[in-house]
Protein chains: 2
Amino acid sequence: VLNQDDKALKNLLSEYHYADIAEILDELNLDDSVYVIKLLDSETTSDILMELDEDNREKVLKNLSSKEIAEEVEELDTDDAADIIAELPEERQAEVISKIEDAEHKAEIEELLAYDESSAGGLMAKELVKVYETWTVAGCLRRIRGQARDVTRVHSIYVVDKQEKLIGRLSLKDLIVAKSEQKISDIYITNVDFVNVDEDVEEVAKVMAKYDLEAIPVVDENQTLLGRITIDDIIDVLREEADKDYQLAAGITQDVEADDSILQLTKARLPWLVLGLFGGLGSVFIMQGYENIMATVPSLFFYTPLIAAMAGNVGVQSSAIIVQGLANNNVKGSLINRLLKEVGLSLINGFALALLVMLFGYLVGQNTTESLAIAVSMMSVIVVAALVGTFVPIILDKRGIDPAIATGPFITTSNDILGIYLFFVIAGKIIGF
Amino acid sequence: VLNQDDKALKNLLSEYHYADIAEILDELNLDDSVYVIKLLDSETTSDILMELDEDNREKVLKNLSSKEIAEEVEELDTDDAADIIAELPEERQAEVISKIEDAEHKAEIEELLAYDESSAGGLMAKELVKVYETWTVAGCLRRIRGQARDVTRVHSIYVVDKQEKLIGRLSLKDLIVAKSEQKISDIYITNVDFVNVDEDVEEVAKVMAKYDLEAIPVVDENQTLLGRITIDDIIDVLREEADKDYQLAAGITQDVEADDSILQLTKARLPWLVLGLFGGLGSVFIMQGYENIMATVPSLFFYTPLIAAMAGNVGVQSSAIIVQGLANNNVKGSLINRLLKEVGLSLINGFALALLVMLFGYLVGQNTTESLAIAVSMMSVIVVAALVGTFVPIILDKRGIDPAIATGPFITTSNDILGIYLFFVIAGKIIGF
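Residues numbered from 1 in each chain as written. Chains lettered and ligands numbered in written order. Predicted model: local features only at pLDDT ≥ 70, side-chain atom pairs only at ≥ 80, totals over all residues. Heavy atoms only, no water.

**So, the interface of chain A and chain B**
Piece 1. Listed as interface residues are 104 residues of chain A and, on the opposing side, 104 residues of chain B.
Piece 2. Counting each side, the surface lost to burial between chain A and chain B is near 10,300 Å², with a carbon and sulfur contribution of 64%.
Piece 3. Where chain A packs against chain B, one counts six salt bridges.
Piece 4. Across the chain A-chain B interface, the total number found is 18 residue pairs in polar contact (both at pLDDT 80 or more). (Contact = heavy atoms within 4.5 Å. Buried area = accessible area lost by both parts, 1.4 Å probe. Salt bridge = Lys/Arg side-chain N within 4 Å of Asp/Glu carboxyl O. Polar contact = N/O pair within 3.5 Å; in protein donor to acceptor, adjacent residues only side chain to side chain.)

In structure tokens:
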């Protein structure tokens, strides 16, 4: 790719979208990436930097001087600028900020850095188009021309009163459709959705998705307009959230990717495997307690992996439906109704599976009492596993813990132990040991 | 809620956002929902209908006449209108369409119904703002006022040539900032992203997310502008996709919710449990083959649920990372490198877990050879499970099958059987049977 012909390379890259260049750089080695970043002007490279994979961006930033980073940051919107700076080591943060030349941009970035990353304040940008209710449409259009130059996409125009309090909104479309002598106070829409600066980003995402908003203004407790959040940032929040839930369900903590280092991947995966191991050792203990019946009913021991698998699968299914229902706010009705439904559902599934087990036992010529004992105790295990899978996430959610943690190894492991214990107890009652 | 005082109720509801009213109706019984829908005017109720839960919408629509549905549909944008009609039974579709009064709206809806639901054509709306390159800014603003009244949000203005071919775009902002005597051909941006009408919606979502687009024009093979897709529809696609992957990983097919009927939930869940059952019965077969060693090394049998759990957990972890990597396009490098990495990773994890198993064996006074046999064979099982978890999704993806199907019961079940088989074979070599 890099044959030192700077001009040709520059021309070539100028035809690509920054997101595509970022994808190419993610594939190159570090030296080449830094080389390309230094070659292009900061207007393009700032956007490329934002699109780079986080790990690669960290490495590239290490190879740029504070002055160079400050130049990149000048080109970015305040929200992206604050994100980049927040990723730097603390001692470099102050250095980079001190080298930003535009005093207003600098002050805004410093303001944004003060907010918690997972709050609306941490996600919002200071760039927005704001008009005072006293302006006319014509005057408004004139002034918006100035403001809009700094704003990548306008979306909504926010209407404030003299105290900078948010009182309404105006779409560009309304403004264009209105007559030029009208006053803003006559045409603005008072019904405006907004979020508080301390609101959790996941909550903000829910509000925006529910009302199909493409941007939402952010206010403080006095209703003063502070910034706005746009839908593209929310898409990232939704994707990260979905990825996180998916990984948790698979027994992976932390946000890891296929291309992360072995150490990072081990840190994210090993703890869950250790949990599973302890669960398995628990089963070993339980089964050791029944060692004396091994000679008389060996088949029970052959069925233990099946019982564990059924308990695990049913638990994961039940918990996944509840976790998703909780996330989308569609778990309704009383706990008792849900309990009855889950019992009914697992009885149907359990009965169908029990019949198959009986059939299998018959085909392989197994003792009927044993087959019956296995089938009935498996059915009980399935009912209990479904209840555990349903109620653990609900209880976690009520206590303010992310219920997603309950799907996956946590439920599987506890259902494995519980299932094998129940299996031997119930089968024991039927066979009589 | 409903005490028959229509006026008071109407006033009360008029203050709510349609998304909130839909949420309230989802909680009410059918008669009350239909009552409220009939009470309010179709401008509001059409939006409410779109926000209702799909099952509830189906029931409400059954209680409305074709004429009433046609009235609702008249108020909706073409994409939503087509979605509602597509949900109706076939014989009602034609009836409702014939009762739509606006001929243009009707023709557009019929056009949209012809596209595949999972293609860009099935997602796009006909509403958009289109200008010809020959217009002036002033003339353009005048005409846009007319077009824009039909379009909920303007986003971008698409520039076409005389043959209706898409040649560029213009943002409302650019138009406002431009001087009124300028020609469109002087100020439009030729660099416009677009998708083909047959493109898969998931591909469209990727393009829009990558380039941070809030709307994208849809064209046919001649580059003729047909419609546009907006980001709010894409958010729904992304969420459904994430929900589907999450459910598949948990062993649930079809898009079910916590509040669906027991029958629907059984249909989505039972097939995966049957798969798991067959896997379990496979383990029974394998273990029956080793019945003769039960008396000499009973402990091996106690460890089978542990082995199955480890094989399952490792497989799910590996496959989840690959499935996510494939979805986000960040699985890079050669297959050999990925193989080496996965082997390295699982050796580290497996070794740590093997040490714990040895320690446990020592603490409970287990025969050292047996502990060693168990630990070593478990480690082998973990390595194999990781490889299966990594390569099954990659192979499925290469063959054009959704790799998400590989995470969950499919991987767990095959790893369970494979794991238990390997466990006995390897432990057998070490202990000597």
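After presenting the structure, the write-up continues.
**Focus: the domain arrangement of chain A**
Piece 1. Looking at chain A, the domain boundaries give domain 1 (6-117), domain 2 (129-230) and domain 3 (262-431).
Piece 2. Relative placement of domain 2 of chain A and domain 3 of chain A: their C-alpha centres are 53 Å apart. (Domains from an automatic or database assignment.)

**Considering the packing of aromatic side chains**
Piece 1. This structure, assessed with the given rule, holds 14 aromatic pairs over all chains.
Piece 2. Ring centres of Phe423(B) and Phe424(B) lie 5.5 Å apart, and the angle between their planes is 75°; on these two criteria the pair is classed as edge-to-face. (Phe/Tyr/Trp six-rings, centres within 6.5 Å; stacked < 30°, edge-to-face > 60°.)

**A closer look at the pattern of salt bridges**
Piece 1. The full count for this structure, using the stated rule, is 18 salt bridges over all chains.
Piece 2. Salt-bridge contacts for Glu23(B) lead to Lys210(A); the nearest nitrogen and oxygen are separated by 3.4 Å. Of this pair, Glu23(B) sits in helix α2 (residues 18-27) while Lys210(A) sits in helix α14 (residues 201-210), on two different chains.
Piece 3. Residue classification places Lys210(A) among the partly exposed residues on the basis of a relative accessible area of 23%.
Piece 4. Across the pair Lys244(A) and Asp402(A) runs a salt bridge whose closest N-O atoms are separated by 3.7 Å. Here Lys244(A) is found in helix α15 (residues 231-249), whereas its partner Asp402(A) is found in the loop between α20 (368-398) and α21 (409-431), with 158 residues between them in sequence.
Piece 5. Classification of Lys244(A) by relative accessible area gives partly exposed; the value is 37%.
Piece 6. Through salt bridges with shared partners, one network takes in Asp20(A), Glu23(A) and Lys210(B). (Helix = DSSP H or I, 4+ residues; strand = E, 2+ residues; numbered from the N terminus. Buried < 20%, exposed > 50% of the residue type's maximum accessible area, 1.4 Å probe, protein only.)

**With respect to the environment of Gly365(B)**
Piece 1. The residue Gly365(B) is located in the loop between α19 (335-363) and α20 (368-398) in this model.
Piece 2. Along the primary structure Gly365(B) and Val383(B) are separated by 18 residues, whereas in three dimensions their C-alpha atoms are 27 Å apart.

**So, the nonpolar core**
Piece 1. Ile229(A) and Ile229(B) are the most contacted members of the largest nonpolar core, which has 101 residues in total.
Piece 2. When near neighbours in sequence (up to four residues on either side) are disregarded, Ile229(A) contacts Ala120(A), Leu123(A), Met124(A), Val204(A), Met208(A), Glu214(A), Ala215(A), Ile216(A), Val218(A) and Ile234(A).
Piece 3. Counting 78 residues, the second largest nonpolar core, distinct from the first, contains Leu281(A), Val297(A), Val274(B) and Ala427(B). (Core = buried A, V, L, I, M, F, W, Y, C linked by side-chain atoms within 4.5 Å.)

**Let's talk about the environment of Gly227(B)**
All names here are of chain B.
Piece 1. Here Gly227 is to be found in strand β6 (residues 225-230).
Piece 2. For Gly227, a relative accessible area of 0% corresponds to the buried category.
Piece 3. Remark: the alpha-carbon pair of Gly227 and Ala120, spanning 107 residues in sequence, is separated by 9.4 Å.
Piece 4. Ignoring sequence-local partners within four residues, the contact set of Gly227 consists of Met124, Ala125, Leu128, Ile216, Pro217 and Val218.

**Re empty space enclosed by the protein**
Piece 1. Counted by the stated rule, this structure contains five cavities of 30 Å³ or more.
Piece 2. The volume enclosed by the largest cavity comes to roughly 390 Å³.
Piece 3. Forming the boundary of the largest cavity are 28 residues, of which Asn313(A), Val316(A), Thr412(A), Val316(B) and Thr412(B) lie nearest the centre.
Piece 4. When residues of the lining of the largest cavity are traced back to their parent elements, those giving at least two are α15, α18 (304-327) and α21 of chain A together with α15 (231-249), α18 (304-327) and α21 (409-431) of chain B.
Piece 5. Grouping the amino acids of the lining of the largest cavity by side-chain chemistry returns 16 nonpolar, ten polar and two charged.
Piece 6. Estimated volume of the second largest cavity: approximately 80 Å³.
Piece 7. Around the second largest cavity sit Ala258(A), Leu265(A), Arg269(A), Ser318(B), Ile321(B), Ile322(B), Arg338(B), Lys341(B), Glu342(B), Leu345(B) and Thr390(B), which together line it.
Piece 8. For the lining of the second largest cavity, the elements supplying multiple residues, two or more each, are α16 (262-288) of chain A together with α18 and α19 of chain B.
Piece 9. For the lining of the second largest cavity, the element with the most residues is α19(B), which contributes four residues.
Piece 10. By residue class, the composition of the lining of the second largest cavity is five nonpolar, two polar and four charged. (1 Å grid on protein atoms, 1.4 Å probe; cavity = no way out; pocket = protein on both sides within 12 Å on 5 of 7 lines; lining within 4 Å. Points joined across faces, edges and corners; volume = space filled by probe spheres on them. Nonpolar A, V, L, I, M, F, W, Y, C, P; charged D, E, K, R; others polar.)

**Re the sheet that holds strand β2 (residues 156-160) of chain A**
Residues and elements named next belong to chain A.
Piece 1. The sheet built from three strands is open, its strands ordered β1-β2-β3 with mixed pairing. Among the strands making up the open sheet, the edge pair consists of β1 (129-132) and β3 (166-171). Going across the sheet, the axis of each strand differs from the next one's by a mean of 35°, ignoring polarity.
Piece 2. Inspection of the sheet shows β2 paired to β3 by five bridges, in the antiparallel sense. (Pairing = 2+ DSSP bridges. Axes fitted to C-alpha atoms, helices over the stretch in contact; angles between N-to-C directions.)

**As for the relation of the copies chain A and chain B**
Piece 1. Superposition record for chain A on chain B: RMSD 0.1 Å, screw rotation 180°, translation along axis 0.1 Å. The two molecules are tied by a two-fold rotation axis, judged by turn and shift. The C-alpha atom lying nearest the rotation axis in chain A is that of Pro305(A); the distance is 2.4 Å. (Least-squares fit on C-alpha atoms with pLDDT ≥ 70 in both.)

**A word on the pairing of strand β5 (residues 215-219) of chain A**
Residue and element names in this part refer to chain A.
Piece 1. Burial within β5 is extensive, with five of its five residues counted as buried.
Piece 2. The two faces of β5 match: Ala215, Pro217 and Val219 on one face and Ile216 and Val218 on the other face are all buried.
Piece 3. Alignment of strand β4 (residues 195-196) against β5, held across two bridges, turns out to be parallel. Directly across from Asn196, in β5, lies its bridge partner Val219.
Piece 4. Where β5 lies against strand β6 (residues 225-230), five bridges are found, and the strand directions are antiparallel. Note on β6: the bridge partner recorded for Val218 is Gly227.
Piece 5. Counting the residues in the hairpin turn of β5 and β6 gives five residues, including Gln223, whose phi is positive at 70°.

**A closer look at unusual backbone geometry**
Residues and elements named next belong to chain A.
Piece 1. Of note in this structure, Asp212 is not a glycine but carries a positive phi near 50°.
Piece 2. On the secondary structure map, Asp212 appears in the loop between α14 and β5.
Piece 3. Positioned with a positive phi, Gln223 is a non-glycine residue whose angle comes to about 70°.
Piece 4. Within the secondary structure, Gln223 sits in the loop between β5 and β6.

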